[in-house]
Amino acid sequence: EWWEEEKSKNTPEAAAVLEAAETLRTSDIPVGFPTETVYGLGADATRSGSVQGIYKAKQRPSDNPLIVHVDSIEMVNRLLNPNGGSPTTKIPAIYEPLISRFWPGALTILLPNPKGSLLAKEVTANLPTFGVRMPSSAFARLLIHVTDRPLAAPSANASTKPSPTTAEHVYHDLQNGGPCGVGVESTVVDGLTNPPAVLRPGGIGIEEIRTCPGWENVQVGYNDSALQGKEAPRSPGMKYRHYSPKARVVLFEAGSDLASVADRVKKDLIGGGGSSNGNANGFSGRKIGIVRTKTWPIALSLSDAETKQTTQASNDGDTLSIHQISVPLGDSSTTVYDVHLGASAESIARGLFATLRSLDAENVDAIYIEGIRDDEGDLAAAVMNRLRKAAEVFVVV
Ligand code: TXA
Ligand code: MG
């Protein structure tokens, strides 16, 4: 009813939604839109031309399937029963407890793609299944409703870049709203196998999923040590380098000894070992980012000299702030961009991608990150999964 009223008043917002819906239905130009997890780059999932537009815009490999976004269970049922269905194909019972608990929300389920599927073949990248989710973002559901089509939508970043959590990020990556509440993508689960599996950790934690009937034995179907690359990942997207800023990312696992961390950073900056690129100094410039979570002190207390805070950039509506600090190290001074993401997995997830992007915008040479334990459930595993994919160097000290 709210939408009907908005439409009849012909507000600029209503006009924008109608224009976006029309573009989705009729053109092959993808449309960026916010969801509660990250921004999506949407296409009409039923038209090949439209879906190809996504792969083109993102430079995405064609073997990486897309998530289909729906506004209702009826829309899912239509996808399962393209010819009206007799007998009717139902959503497999194993998903019932997950759907009633987590939809609408940050959970993507895999369903069998039926014969004569309404979905463009590019959506599924030739897999026998399709991934689908109902976003909790009211705006996203409205757009799907008005378009009256399921929308295929990957995160609206360029392939390999950190996922966008503000409209500016989308514009920056693809040249053509507010921050996202969750900040990491949806959890992808596969209930079509026995035991069921989490294929991508995300907004809904594995511990929460495990409390649902039929999901007590849910397996971890993704591989964080994918760098060793033995098993073929079941979720094709997980094999690609991802979420990576331009800077070298050095990730310290939770519990790393603080003195050793500071030592490693100093060595990179002053030279004399530790640098992997053969330069005497690890980096040509002298700008680094330090991203703290639970325990690291400000700028790692890299210097006894007074640290001076010169600027404070605030990240678009969020509480995230970056402190620029000048630290005398060796024979010159180093600019340290110090970010504290907070101590909870929720705040870390919300700020993570935006921080990597902000530090990239400052052209830092390296980013040192304090990891968190990934067995604390909820978002912690999702955060560490993203960080391990972004990192070039892992350090456990
Ligand atoms: O939160 C999200 O899920 C965001 C927002 C926009 O909804 N979307 C998103 O889409 O992250 P994308 O395309 O960046 O990631 C989709 C992931 C990939 O890892 C892909 O391989 C996996 O889901 N996926 C999609 N369909 C699949 C299928 N049929 N079988 C296995 N994995 C699938
Ligand atoms: Mg993505």
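Structure shown above.
Note that the structure is a prediction, hence the values are computed from the model and not measured.

## Considering the pairing of strand S15 (residues 366-370)
So, step 1. Buried residues dominate S15, accounting for 5 of its 5 residues.
So, step 2. Of the two faces of S15, both are covered, the one formed by Ala366, Tyr368 and Glu370 as well as the one formed by Ile367 and Ile369.
So, step 3. Here strand S10 (residues 248-252) runs beside S15; their pairing, made up of 5 bridges, is parallel. Each residue of the ladder has a partner; that of valine 250, found in S15, is tyrosine 368.

## Some words on the pattern of salt bridges
So, step 1. Taken as a whole and assessed by the stated rule, the structure comprises 16 salt bridges.
So, step 2. The residue glutamate 22 makes a salt bridge to arginine 25 at a minimum N-O spacing of 3.0 Å. Within this pair, glutamate 22 and its partner arginine 25 are both found in helix H2 (residues 12-26), separated by 3 residues, close to a single helical turn.
So, step 3. In this structure, arginine 388 engages glutamate 253 in a salt bridge whose closest nitrogen and oxygen atoms are separated by 3.1 Å. With arginine 388 in helix H12 (residues 380-390) and glutamate 253 in the loop between S10 and helix H10 (258-270), this pair connects stretches of sequence that are 135 residues apart.
So, step 4. Look at glutamate 253 and you get buried, because its relative accessible area is 17%.
So, step 5. Among the charged side chains, a salt-bridge network with shared partners connects Asp28, Asp44, Arg47 and Arg149.

## Considering the packing of helix H1 (residues 2-9) against H2
A pair of packed helices can be characterised by two numbers: the angle between their axes and the separation between those axes.
So, step 1. For the pair H1 and H2, the least separation of the axes is 8 Å and the interaxial angle reads 105°. Regarding the angle of H1 to H2, the classification is roughly perpendicular. The residues of H2 that touch H1, namely those facing Trp3, Glu6 and Lys7, are Glu13, Ala14, Val17 and Leu18.
So, step 2. In terms of residue class, the contact of H1 with H2 is made up of 4 nonpolar, no polar and 3 charged.

## Details of the packing of aromatic side chains
So, step 1. Inspection of every chain in the model, using the stated rule, returns 3 aromatic pairs.
So, step 2. Judged by centre distance (6.0 Å) and plane angle (35°), the rings of tyrosine 95 and tryptophan 215 are tilted. Here the two residues tyrosine 95 and tryptophan 215 agree in accessibility, since each one is buried.
So, step 3. A connected cluster of aromatic rings, assembled from ring pairs, spans Phe252, Trp296 and Tyr368.

## Regarding the sheet that holds strand S8 (residues 197-200)
So, step 1. If you walk across this open sheet you meet the 9 strands as S1-S2-S6-S3-S5-S4-S7-S8-S9, and the pairing is mixed. Lying at the two open borders of the sheet, with one neighbouring strand each, are strand S1 (31-33) and strand S9 (219-220).
So, step 2. As paired elements, S1 and strand S2 (residues 40-44) share 3 bridges and run antiparallel to each other. By the bridge assignment, glycine 32 is partnered in S2 with leucine 41.
So, step 3. Set on the sheet, H2 makes contact with S1, S2 and strand S6 (151-152); between it and S2 the angle comes to about 55°.

The rules behind the values
Residue numbers here run from 1 along each chain, matching the order of that chain's written sequence. Written order decides the labels, with chains lettered from A and ligands numbered from 1. Given that this is a predicted model, residues contribute local features only at a pLDDT of at least 70 and side-chain atom pairs are listed and counted only at 80 or more, while totals for whole chains, interfaces and linings are drawn from all residues. Calculated side-chain values reflect all of the structure's heavy atoms, with hydrogen atoms and water omitted. When accessible area is computed with a 1.4 Å probe and restricted to protein chains, residues below 20% of their type maximum are described as buried, those above 50% as exposed, and intermediate ones as partly exposed. To qualify as a helix, a DSSP run of H or I must reach at least 4 residues; to qualify as a strand, a run of E must reach at least 2; elements of each kind are numbered from the N terminus. A pair of strands is labelled paired if DSSP reports no fewer than 2 bridges between them. Throughout this description, the term salt bridge denotes a Lys or Arg side-chain nitrogen within 4 Å of a carboxyl oxygen of Asp or Glu. To obtain each axis, a line is fitted to C-alpha atoms, and for helices this fit is confined to the stretch in contact; angles are then taken between N-to-C directions over 0 to 180 degrees. If an angle is under 35 degrees, it is roughly parallel; if it is over 145, roughly antiparallel; if it lies from 65 to 115, roughly perpendicular; otherwise it is oblique. Contacts were defined at the residue level, with two residues in contact if any of their heavy atoms lie within 4.5 Å. All residues other than Ala, Val, Leu, Ile, Met, Phe, Trp, Tyr, Cys, Pro, Asp, Glu, Lys and Arg, Gly among them, are scored as polar; the first ten of these are nonpolar and the last four charged. The aromatic pairing rule takes the rings of Phe, Tyr and Trp, using the six-membered ring of Trp, and pairs them if the centres are within 6.5 Å, calling planes under 30 degrees apart stacked, those over 60 edge-to-face and the rest tilted.

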